[in-house]
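# A look at the structure
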Amino acid sequence: MPRYFKNDAPLASRDPYKQLKASLNRLVNDHPPASIKPGGGLFKGPVSVAYTLLILQQMYPDLEVEGQLLGTWSAAYLKQAQDTIGDYPGPKPGKCGITDDILALLAIGAATSKDVDMVGNLCDYSAEALEPETENEFLYGRAGYLYLLRMVKTSFVDDQKTLQLITDTQDDVIDAILDSPRPWKWHGKTYVGAIHGAIGIITQVVFTDPKKYAPKVEADLAVLLTYQYETGNWPSSIPPEKDRLVQVCHGAPGVVNSLVSIKKYFPNLEEKITKAIASGRECVKERGLLTKEPCLCHGITGNALALEDKDFEHFLTYTTGHEMKSMEKDGMLEKSSCPESLFGGEAGRAWSWAVADKGLDKRILGYNDL
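The notes below deal with the structure included here. (Residues numbered from 1 in each chain as written. Predicted model: local features only at pLDDT ≥ 70, side-chain atom pairs only at ≥ 80, totals over all residues. Heavy atoms only, no water.)

## Comments concerning the packing of aromatic side chains
- Under the counting rule described, the total for this entry stands at 7 aromatic pairs.
- Ring plane angle 10 degrees and centroid distance 6.0 Å describe the contact between Tyr140 and Trp186, whose orientation is recorded as stacked. In this pair, Tyr140 sits in the loop between helix H6 (126–129) and helix H7 (142–153) while Trp186 sits in the loop between helix H8 (160–179) and strand S3 (190–191), placing the two residues 46 residues apart along the sequence.
- The exposure class of Tyr140 is partly exposed, given its relative accessible area of 23%.
- Overall, Trp186 belongs to the buried group, its relative accessible area being 12%.
- Geometry around Phe312 places Lys362 over its ring, the cationic atom sitting 5.2 Å from the centre. (Phe/Tyr/Trp six-rings, centres within 6.5 Å; stacked < 30°, edge-to-face > 60°. Helix = DSSP H or I, 4+ residues; strand = E, 2+ residues; numbered from the N terminus. Buried < 20%, exposed > 50% of the residue type's maximum accessible area, 1.4 Å probe, protein only. Lys NZ or Arg CZ within 6 Å of the ring centre and 35° of its normal.)

Quick look at the structure:
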């Protein structure tokens, strides 16, 4: 199967609200709570679906799917994870990013119920994040833990004591990241992209406190910009291998999406970042219609979020239920291993249709949306 297909059709668009509802209907009917295997935190599994629905419920408080409000569905998926949490090993050094169910459940619980004890429990797990064997990337490491802390912090702006606890924890984790040898590595390799690599680490550090930390990672970002190929893509890792992956986790889409969201914090690099984004977007438009099932992490859905309005809308037309069935019929669709999920499937598609419908900044839920 080819990795991508040609982007040679006239620009098109679909009704985003209609497609959002269709996506949510597929989600609850094809992947009901009891059918989803626990585990995966915000990345995949029931917690990832619950988090997506929780956020969408805030945007669409009256929207019902199969006769139930989105908040009711979110609670049902959360319960699926909570019912098995006693058997779950929990965070440990090297496994404390966004994929951990216990950390994700604590963060969601603390943020939604404003439970101070849950915040304390979440911050206590910084011990695992600060262990030397814990690496710095987003999926399993310190950068992902920073996202969870940021999620919680927004709910405690009026509680100075709790706010200080979260801030102190963030500072400890970022100190560990910044004290790590460069280049940052994961499993012995120097990754570049959003999920395992340098741009993901930089983005989470900057979003935690832009004024304080952007100057401290400016040199790292400047080096990362030099890695861009003439094609506009970025290598998966350094030293560069074959220029082949154009997706959020490895390649231009994740780097571009990150750069767009942090650009304003790096005035000294503004011109270079602007050029890098423009070149990266050309690469995504040329090679970003992937044959992998449309998703945020490694599919058309995430690639769409790296593009500007008309191209964004056009890419999303290839993520409808009808279009996916056509691709599958033509033998041009590589099925997802986690088809329900935020980063690997239907929940992420629903998020992107909501971005289109509401005209939101094109951010990746669970990564750089807050």
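## Let's talk about the layout of surface pockets
- There is about 290 Å³ of room inside the largest pocket.
- Elements with a minimum of two residues in the lining of the largest pocket: helix H2 (46–59) and helix H4 (101–113).
- Put simply, the second largest pocket is a space of about 250 Å³.
- At 4 residues, the largest contribution of residues to the lining of the second largest pocket is made by helix H15 (residues 321–329). (1 Å grid on protein atoms, 1.4 Å probe; cavity = no way out; pocket = protein on both sides within 12 Å on 5 of 7 lines; lining within 4 Å. Points joined across faces, edges and corners; volume = space filled by probe spheres on them.)

## Thoughts on the nonpolar core
- Core analysis: the largest hydrophobic core is formed by 115 residues, its most contacted members being Leu24, Leu42, Trp234, Leu259 and Phe343.
- Beyond its immediate sequence surroundings of up to four residues, Phe343 is in contact with Leu42, Phe43, Ile98, Phe138, Ile195, Cys295, Leu296, Cys297, Ile364, Leu365, Gly366 and Tyr367. (Core = buried A, V, L, I, M, F, W, Y, C linked by side-chain atoms within 4.5 Å. Contact = heavy atoms within 4.5 Å.)

## A closer look at the pattern of salt bridges
- Applying the stated criterion across every chain yields a total of 14 salt bridges.
- For the salt bridge of Glu241 with Lys189, the shortest nitrogen-to-oxygen distance reads 3.6 Å. One end of the pair, Glu241, is in the loop between strand S4 (237–238) and helix H11 (252–262); the other, Lys189, is in the loop between H8 and S3, with 52 residues separating them in the sequence.
- Connected through salt bridges with shared partners, the residues Arg26, Glu293, Glu346 and Arg349 form a single ionic network. (Salt bridge = Lys/Arg side-chain N within 4 Å of Asp/Glu carboxyl O.)

## Some details on the side chain of Ser23
- Residue placement: Ser23 occurs in helix H1 (residues 16–30).
- Among all residues touching Ser23, those that are not within four sequence positions of it are Glu346, Arg349, Ala350 and Trp353.

## Concerning the environment of Glu286
- Along the chain, the position of Glu286 falls in helix H12 (residues 270–287).
- C-alpha separation for the pair Glu286 and Val116, spaced 170 residues apart in sequence, amounts to 48 Å.

## Quick look at H12
- Its 18 residues give H12 an end-to-end C-alpha distance of 26 Å, which sits within 8% of 26 Å, the value for a rise of 1.5 Å per residue.
- Taken together, the buried positions of H12 are Ile273, Ala276, Ile277, Gly280, Arg281, Cys283, Val284 and Arg287. Buried residues along H12 cover an arc of 160 degrees about the axis, so they all sit on one side. Those residues of H12 that are exposed and angled more than 90 degrees off the buried face are Glu271, Lys275 and Glu286.
- Buried positions along H12 lie against helix H10 (210–226), H11, helix H13 (300–304) and helix H14 (309–316). (Expected span 1.5 Å × (residues − 1). Arc of directions from axis to C-beta.)

## Focus: unusual backbone geometry
- With omega at -5 degrees, the peptide bond leading from Arg182 into Pro183 counts as cis.
- Considering the arrangement of structural elements, one finds Pro183 in the loop between H8 and S3.
- Here the bond from Ile238 into Pro239 is cis, since omega is 0 degrees, no more than 30 degrees from zero.
- The topology assignment puts Pro239 in the loop between S4 and H11.

Taken by themselves, the reported measurements are silent on function.
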